[in-house]
Amino acid sequence: MKSGLVFDMRRYSVHDGPGIRTSVFLKGCPLRCNWCHNPEGILPEPRKIRKERSVDGRKNMVEETVGKWMSSQEVLDFLLKDLVFYEESGGGVTFTGGEPLFQPDFLLDMLLECKNLNLHTAVDTSGYAPSEVFQAISGKADLLLFDLKTVNQEKHLAYTGKGTHQILRNLFSLKKNRPELIIRIPVIPGFNDQLSEMEALCETLSRVDVPVKRVDFLPCHNWGRHKYEALGIELPEGVPGKLPEEILYKFMEVFSDAGYRVKKGG
Ligand code: SF4
């Protein structure tokens, strides 16, 4: 059994794969997206934050630690509380973050343990990981939720701190029918909210060797300004605003016209 740094576990999740699921949030991410709404998941170590809490009607500032080392067995014990819901809904477990592939040994161990228990597994990834890690993980997960932001190398580098080369190398390395693949596109005003961006993403997907089960569009939302404040992290420059719905639907049409199943939201 391995240990991993977990910063949240959410039960009854319905947006991160089929059925009712538990989402396990692993800490650490090599990217620094301007629009990150989970900044508490980026740093690969526990971090103290100050939060406002109401006790007996009075508001107090309390200190909490984000991130806890847990053994695979501890995480499994938590996951198994909802076994009946997974079985009845066709659900399972989703590993997300941060970037779950940033803790490859722990993630691999969890995927194997889940497989032994016949639990459906999904991994939500930016795709940025060494090839051998990506291949090992994608060989064991049932479903990959693969985030694609842009195929423009310079833009990706400028807005996330990393380029696209390794991400696309990993995407194109998928060869068989397993795992199932859902592409998730965060649509960010001022970054990739142009038709030409969507057309380039759609053309790239047409060259992927595995079937794409669906393309999900994640509109930029209130991305957690309060979290940055609580963590004492400076707000990123050029934080995006809200994307008009009609533009999002236009983008979705690009993919549906090309024959993809599309969905708004995760
Ligand atoms: S890949 Fe996800 S967790 Fe990592 S910085 Fe970007 S939005 Fe945040």
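Read on for an overview of the structure. Note that the structure is predicted; figures quoted are calculated from it, not measured.

### Description of the overall build of the protein
Here is step 1 of the chain: Across its full length, the protein carries nine helices and eleven strands.
Here is step 2 of the chain: Relative to the compact-globule value of 18 Å for 266 residues, the protein shows a C-alpha radius of gyration of 18 Å, a close match.
Here is step 3 of the chain: Residues classed as buried in the protein amount to 50% of the 266 residues present.
Here is step 4 of the chain: By sequence separation, contacts in the protein at least 24 residues apart represent 69% of the contacts at least 6 residues apart.
Here is step 5 of the chain: Counting 35 positive and 36 negative side-chain charges, the protein places the averaged centre of each group 2 Å from the other.

### Overview of the packing of aromatic side chains
Here is step 1 of the chain: With the rule as written, the count across this model stands at seven aromatic pairs.
Here is step 2 of the chain: Ring geometry for F255 against Y260: centres 6.2 Å apart, planes inclined by 55°, an arrangement best described as tilted. Side by side, F255 and Y260 carry an identical accessibility label, which is buried.
Here is step 3 of the chain: The ring of F78 carries the charged tip of R11 above its face, separated from the ring centre by 5.9 Å.
Here is step 4 of the chain: The positively charged end of K155 is found above the aromatic ring belonging to F191, 5.7 Å away from the centroid.

### Observations regarding the site of the ligand
Here is step 1 of the chain: Around the ligand, the structure places C29, L31, C33, C36, I42 and G98.
Here is step 2 of the chain: For the shell around the ligand, a count of residues per class yields five nonpolar, one polar and no charged.

### Observations concerning the layout of surface pockets
Here is step 1 of the chain: In this structure, the second largest pocket occupies an estimated 260 Å³ of space.
Here is step 2 of the chain: Forming the boundary of the second largest pocket are 13 residues, of which E40, I49, K51, V66 and K227 lie nearest the centre.
Here is step 3 of the chain: Going through the elements one at a time, strand 1 (3–13), strand 3 (47–55), strand 4 (58–66) and helix 8 (225–231) are the ones with two or more residues in the lining of the second largest pocket.
Here is step 4 of the chain: Sort the elements by how many residues they give to the lining of the second largest pocket and helix 8 lands first, with four residues.
Here is step 5 of the chain: Taken together, the residues of the lining of the second largest pocket sort by class into five nonpolar, two polar and six charged.

Calculation rules
- Residues numbered from 1 in each chain as written.
- Predicted model: local features only at pLDDT ≥ 70, side-chain atom pairs only at ≥ 80, totals over all residues.
- Heavy atoms only, no water.
- Helix = DSSP H or I, 4+ residues; strand = E, 2+ residues; numbered from the N terminus.
- Rg over C-alpha atoms; globule rule 2.2 N^0.38 Å.
- Buried < 20%, exposed > 50% of the residue type's maximum accessible area, 1.4 Å probe, protein only.
- Contact = heavy atoms within 4.5 Å.
- Lys, Arg positive; Asp, Glu negative; His and termini not counted.
- Charge placed at Lys NZ, Arg CZ, Asp CG, Glu CD.
- Phe/Tyr/Trp six-rings, centres within 6.5 Å; stacked < 30°, edge-to-face > 60°.
- Lys NZ or Arg CZ within 6 Å of the ring centre and 35° of its normal.
- Near = heavy atom within 4 Å.
- Nonpolar A, V, L, I, M, F, W, Y, C, P; charged D, E, K, R; others polar.
- 1 Å grid on protein atoms, 1.4 Å probe; cavity = no way out; pocket = protein on both sides within 12 Å on 5 of 7 lines; lining within 4 Å.
- Points joined across faces, edges and corners; volume = space filled by probe spheres on them.

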